[in-house]
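Each chain is listed here by its residues.
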Amino acid sequence: MFEVKDLDETRAPLLDHLIELRTRVIRALLALAVGFGVCLYFADDILGLLVLPLKQAFPEGQGQLIFTKLPEVFFVELKVALFAGFMVSFPVIANQLWAFVAPGLYAREKKAFLPFLIATPVLFTAGASLAYFVVMPTAFRFFLGYGGQTGGLTVQALPSAGDYLGLVMQFILAFGLTFLLPVLLLLLHRAGIITREQLVAARRYVIVAIFAIAAVVTPPDPGSQIILAVPLLLLFEASLVLMRLQEKAVAADKLANEAEQAAERAAAE
């Protein structure tokens, strides 16, 4: 049966810790390099998936991407490979980070930290999926709606490959990272930096801050801002519920430890 052990009994000197850190960093970089190499081989296919929302937003047979600089597409494929390679290698990178940090944690600290480590990629993937499947098609149709005839001239969208990739990465990273709000709040709550009562009292300010963040990290169209702000509000409310459960769990654990210590003292007497 899986058992979470307490602090390691051995205490390695500083040099050993630095050597282990170097080993972990090298393994993480190797995983990133392997992921980058594999994704570079499939860069055209990955780019094809990324341009699919734009293709669907264009009328049938009219969509196109252009490049205005000779090396633009080459660097676009490198960025795509690096972006996708990091996503693919993230489990290995996170595992190396956990393997370096875990020996210095008590068993209860490991149990408390593990859910956050698991929730991080899940929430990031949920945010990125919302951006890819819902927000980007909606935003692209909104932007393309400004094409047509103006003053007797044709206004036509001719997005460049580099600009489009930058916009896609902005969408995915913005939604993925902002969906980590519950992880950040629960970590701060677990560390005792903030309390649930403080967040409840500041709810109106949090709502304003969420809409401000949504306005900053998304392109300047109201649809994208609302689509990001509404899930963030729901995640904030869910964080408050989880904080209440966390407080009950901590209180129960504290009572159990006190009862165990009392029993040990009684047995010793």
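Every chain begins its residue count from 1, and numbering advances along the sequence as written. With pLDDT at 70 or above as the cut-off, local features in this predicted model cover only qualifying residues; side-chain atom pairs require 80 or more to be listed or tallied, and sums for whole chains, interfaces and linings still use all residues. Hydrogens are left out, water is left out, and the side-chain values use all remaining heavy atoms of the structure.

Participant: What should I look at first to understand the overall build of the chain in this one?
Facilitator: In terms of helices and strands, the chain carries ten helices and two strands. When the helices and strands of the chain are placed in sequence order, the string is α-α-α-α-α-β-β-α-α-α-α-α. The C-alpha atoms of the chain give 24 Å as radius of gyration, which overshoots the globular expectation for 269 residues (18 Å, by more than 25%). When the backbone C-alpha atoms are referred to their principal axes, the chain occupies close to 95 × 45 × 30 Å. Three exposure classes are used, based on accessible area relative to the maximum for each residue type with a 1.4 Å probe and protein chains only: buried under 20%, partly exposed in between, and exposed over 50%. Residues counted as buried form 30% of the 269 residues belonging to the chain. Contacts between residues were defined by any pair of non-hydrogen atoms, one from each residue, lying within 4.5 Å. Contacts in the chain between residues far apart in sequence, at least 24 positions, make up 83% of those at least 6 positions apart. For the chain, the accessible area works out to roughly 17100 Å², and carbon and sulfur atoms hold 68% of it. Counted as positive: Lys and Arg. Counted as negative: Asp and Glu. His and the chain ends are not counted at all. A charged residue contributes its charge at one atom only: NZ of Lys, CZ of Arg, CG of Asp or CD of Glu. One way to put it: in the chain the 20 positive side-chain charges average out to a point 4 Å from where the 22 negative ones average out. In DSSP terms, a helix is any run of H or I states spanning at least four residues, a strand is any run of E spanning at least two, and both are numbered starting from the N terminus. As defined in this context, the radius of gyration uses C-alpha atoms, and a globule is described by 2.2 Å times the residue total to the power 0.38. In short, Shrake-Rupley with a 1.4 Å probe defines the accessible areas, and a residue's cover is counted only from the protein chains shown.

Participant: Just checking my understanding: could you explain the layout of surface pockets for this structure?
Facilitator: Residues are said to line a cavity or pocket when one of their atoms sits within 4 Å of a point; the points come from a 1 Å grid over protein atoms alone, cavities being sets where a 1.4 Å probe fits but cannot get out and pockets being open sets with protein on both sides within 12 Å along at least five of seven lines. Grid points are joined across faces, edges and corners, and a volume is the space filled by probe spheres set on the points. Each pocket or cavity is described by its volume, and for the largest pocket that value is around 660 Å³. In this structure, the largest pocket is lined by 23 residues; those nearest its centre are F83, M87, F124, A128 and I172. Of all the secondary-structure elements, those providing two or more residues to the lining of the largest pocket are α2 (43–50), α4 (72–101), α5 (107–144) and α6 (161–178). In terms of residues, the lining of the largest pocket owes the most to one element, α5, which gives eight residues. Residue polarity follows a fixed list, in which Ala, Val, Leu, Ile, Met, Phe, Trp, Tyr, Cys and Pro are nonpolar, Asp, Glu, Lys and Arg are charged, and the others, Gly among them, are polar. Across the lining of the largest pocket, the residue classes break down as 20 nonpolar, three polar and no charged. Of the pockets and cavities examined, the second largest pocket occupies roughly 530 Å³. Lining the second largest pocket are 22 residues, with A112, P115, F116, R190 and Q246 sitting closest to its centre. Every element with two or more residues in the lining of the second largest pocket is listed here: α5, α7 (181–190) and α10 (222–268). Across the lining of the second largest pocket, the residue classes break down as 14 nonpolar, three polar and five charged.

Participant: Would you mind showing me how to read the nonpolar core here?
Facilitator: A general feature of soluble globular proteins is that nonpolar side chains tend to end up buried together. Buried Ala, Val, Leu, Ile, Met, Phe, Trp, Tyr and Cys residues that are joined via side-chain atoms within 4.5 Å together make up what is termed a nonpolar core. Counting residues in each nonpolar core, the largest one holds 48 residues, and the members touching the most others are F171, F175 and F236. Among the secondary structure elements, those contributing two or more residues to this core are α2, α3 (52–57), α4, α5, α6, α7, α9 (203–217) and α10. For this core, the element with the highest residue contribution is α5, accounting for eleven residues. Residues in contact with F175, not counting those within four places in the same chain, are G127, L130, A131, V135, T218, S224, I227 and L228.

Participant: What's the story with the environment of L177 in this structure? I'm lost.
Facilitator: Mapped onto the elements, L177 comes out in helix α6. Taking the relative accessible area as the measure of exposure, L177 reaches 51% and is therefore exposed.

Participant: Would you mind going over the environment of P103 with me for this structure?
Facilitator: Secondary-structure assignment places P103 in the loop between α4 and α5. Along the primary structure P103 and T23 are separated by 80 residues, whereas in three dimensions their C-alpha atoms are 15 Å apart.

Participant: Any chance you could explain the pattern of salt bridges here in plain terms?
Facilitator: Charged atoms that come close allow side chains of opposite charge to pair. The term salt bridge refers to a pairing of a side-chain nitrogen on Lys or Arg with a carboxyl oxygen on Asp or Glu at a separation within 4 Å. One pass over the full model with this rule turns up four salt bridges. Here R196 makes a salt bridge to E247, at a shortest N to O gap of 3.7 Å. One end of the pair, R196, is in helix α8 (residues 196–201); the other, E247, is in helix α10, and 51 residues separate them in sequence. Given the relative accessible area of 28%, E247 is considered partly exposed. Note that E237 and R203 form a salt bridge whose closest N and O atoms lie 3.0 Å from each other. Of this pair, E237 sits in helix α10 while R203 sits in helix α9; the two residues are 34 residues apart in sequence, bridging distant segments of the chain. For E237, a relative accessible area of 32% translates into the label partly exposed. Each of R196, E197 and E247 takes part in one network of salt bridges that share partners.

Participant: Sorry if this is basic, but what is going on with the confidence of the model for the chain here?
Facilitator: On a range of 0 to 100, pLDDT expresses the predictor's confidence in each residue. On average, residues of the chain score 83 in pLDDT, and 91% of them are at 70 or above. Averaged over each element, pLDDT in the chain is lowest for strand β1 (residues 148–150) (72) and highest for α2 (91).

Participant: Hey, could you run me through the packing of aromatic side chains in this one?
Facilitator: Here a ring pair, both rings aromatic, is described through the centre-centre distance and the interplanar angle of the planes. Note on aromatic contacts: the rings of Phe and Tyr and the six-membered ring of Trp form a pair at centre separations within 6.5 Å, being stacked when their planes are under 30 degrees apart, edge-to-face when over 60 apart, and tilted otherwise. Tallied over the full model, the rule gives eight aromatic pairs. For the pair Y41 and F42, a centre-to-centre distance of 4.9 Å together with 85° between the ring planes defines the contact as edge-to-face. Their ring planes at 65° and their centres at 5.7 Å tell us that F142 and F143 sit as a pair that is edge-to-face. F142 sits in the partly exposed class, given a relative accessible area of 34%. Of the residues examined, F143 reaches a relative accessible area of 31% and is grouped as partly exposed. Taken together, the ring pairs connect F140, Y164, F171 and F175 into an aromatic cluster.

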